[in-house]
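Chains, contacts and geometry: an overview
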Amino acid sequence: MAPPGTGRSWHRDGDDAELVGGSLVVHYQPVVELTSRKVHLVEALARLDVDGVLLAPEHWVPAAEHSGTIDELGCRVLRRAAADVLGTDGDGTAGSVLGVSVNVAPRQLHGPSLLDCVAQLAADGAAVERLCLEITESAVVEDACAMETVHALRSLGCRIAMDDFGTGYSSLHALSELPLDVLKVDRRLVARLPGPKARAVLAFVVDLAGALGLEVVAEGVETPAQLDALLELGYRLGQGYLLGAPAPLASAARHRCG
Ligand code: G
Ligand code: MN
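Calculation criteria
- Residues numbered from 1 in each chain as written.
- Chains lettered and ligands numbered in written order.
- Predicted model: local features only at pLDDT ≥ 70, side-chain atom pairs only at ≥ 80, totals over all residues.
- Heavy atoms only, no water.
- pLDDT = per-residue confidence, 0-100.
- Contact = heavy atoms within 4.5 Å.
- Helix = DSSP H or I, 4+ residues; strand = E, 2+ residues; numbered from the N terminus.
- Disulfide = S-S within 2.5 Å.
- Donors = N, O, S within 2.8 Å, 3.2 Å for Na, K, Ca; no water.
- Buried < 20%, exposed > 50% of the residue type's maximum accessible area, 1.4 Å probe, protein only.
- Salt bridge = Lys/Arg side-chain N within 4 Å of Asp/Glu carboxyl O.

**Comments concerning the confidence of the model for the protein chain**
Across the protein chain, the average pLDDT comes to 87, with 85% of residues at 70 or higher. In the predicted structure, residues 1-13 sits below a pLDDT of 50 and forms 27 contacts with residues beyond four places in sequence or in another chain. Predicted confidence is poor over residues 89-94, with pLDDT under 50, and the contacts of this stretch with residues over four places away or in other chains come to five contacts.

The following block contains the structure:
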């Protein structure tokens, strides 16, 4: 794969500092096949570098949503992830077998910017079928406009994941309304494993996902006991510090060979 930014028309670095007071850094965390420990895909995690200190999204996304700069920032993260992971080689074949998952802030579902950005990536030759967009149920519940955007995004060919599943409200309603491909089970549920109640809840979730034909990912896997319980319950995919911490792409993808 060529280094990010070389000859990729969708990779344009703007002046992040002007927009948000720091520069955007995109790290990647692997989603791993639990039995083989192979990387299934990577999740792009945006950080803001302010004078060498990396800030997680909760420290700057709310302000960016409030000011409206989230649309431009979100698109920059998406273009970066696409350039890093979804490129095509000169002969038009996929440059990498990995897919990439990108988080979407609720406000990004309220205008045409995200749709335009994904459509532009597709027009530039990015393999959008290997792109998964992670939304939260609170962003779409009782919001017809956001729901419409999700349907339109999916018809552009990308996949849709429900992030942090199981801790919001109206989960089951959202499951029946949204065009979903993946359920990502919130780490607060996984954290209670191997307790018997958590086992019962996670058994229900994996069955539900199977019945709906959805891929299911257990988030926040931190201990071998949690991993064992997930394997017993039939979980195939997981993410978390035990399986690989967020890091620059080269080290996130390296787990594939491990
Ligand atoms: O909401 P979402 O699932 O996209 O959150 C991703 C965040 O979770 C990232 O900032 C990442 O650093 C953090 N994260 C990833 N793995 C773990 C884990 O195993 N434990 C905890 N506590 N946080 C994690
Ligand atoms: Mn996520």
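So that's the structure; there's more coming.
**Quick look at the environment of leucine 34**
Looking at the element boundaries, leucine 34 is found in the loop between β1 (23-33) and β2 (39-50). Once residues within four sequence positions are removed from consideration, leucine 34 is found in contact with Leu227, Leu230, Leu231, Tyr235, Arg236, Leu237, Gly238 and Leu243.

**Side note on the state of the cysteines**
Evaluated as defined, the whole model comprises one disulfide. Disulfide pairing places cysteine 75 opposite cysteine 117 at an S-S distance of 2.1 Å. Handedness of the cysteine 75-cysteine 117 disulfide follows from its S-S torsion of about 90 degrees: it is right-handed. Of the two residues, cysteine 75 is situated in helix α3 (residues 70-85) and cysteine 117 in helix α4 (residues 113-123); the sequence distance between them amounts to 42 residues. There is no disulfide at cysteine 132, and the cysteine sulfur nearest it, in cysteine 158, is 8.0 Å away.

**Concerning the coordination of the manganese ion (ligand 2)**
Looking at the manganese ion (ligand 2), one finds its protein donor set to be Glu43 (OE), Asn103 (OD1), Glu134 (OE) and Asp163 (OD), positioned 2.0 to 2.3 Å from the metal centre. Sequence spacing of the donors to the manganese ion (ligand 2): E-x59-N-x30-E-x28-D. On the criterion of sequence distance, the pair formed by asparagine 103 in strand β4 (residues 99-103) and glutamate 134 in strand β5 (residues 131-136) is long-range, its members being 31 residues apart. Given a relative accessible area of 31%, asparagine 103 falls into the partly exposed group.

**Here's the deal with the environment of glycine 213**
Within the element layout of this structure, glycine 213 appears in the loop between α9 (196-212) and β8 (215-218). Each C-alpha atom of the pair glycine 213 and valine 182 lies 8.9 Å from the other, and the pair is 31 residues apart in sequence.

**Section: the pattern of salt bridges**
Tallied over the full model, the rule gives eight salt bridges. Here glutamate 43 makes a salt bridge to lysine 184, at a shortest N to O gap of 2.8 Å. Here the residue glutamate 43 occupies a position in strand β2, and lysine 184 occupies one in strand β7 (residues 182-185), the gap between them amounting to 141 residues. Residue classification places lysine 184 among the buried positions, given a relative accessible area of 2%. Arginine 76 is the salt-bridge partner of glutamate 72, the closest N and O atoms lying 2.9 Å from each other. Of this pair, glutamate 72 and arginine 76 both sit in helix α3, four residues apart, roughly one helical turn. One salt-bridge network, in which partners are shared between bridges, spans Glu43, Glu134 and Lys184.

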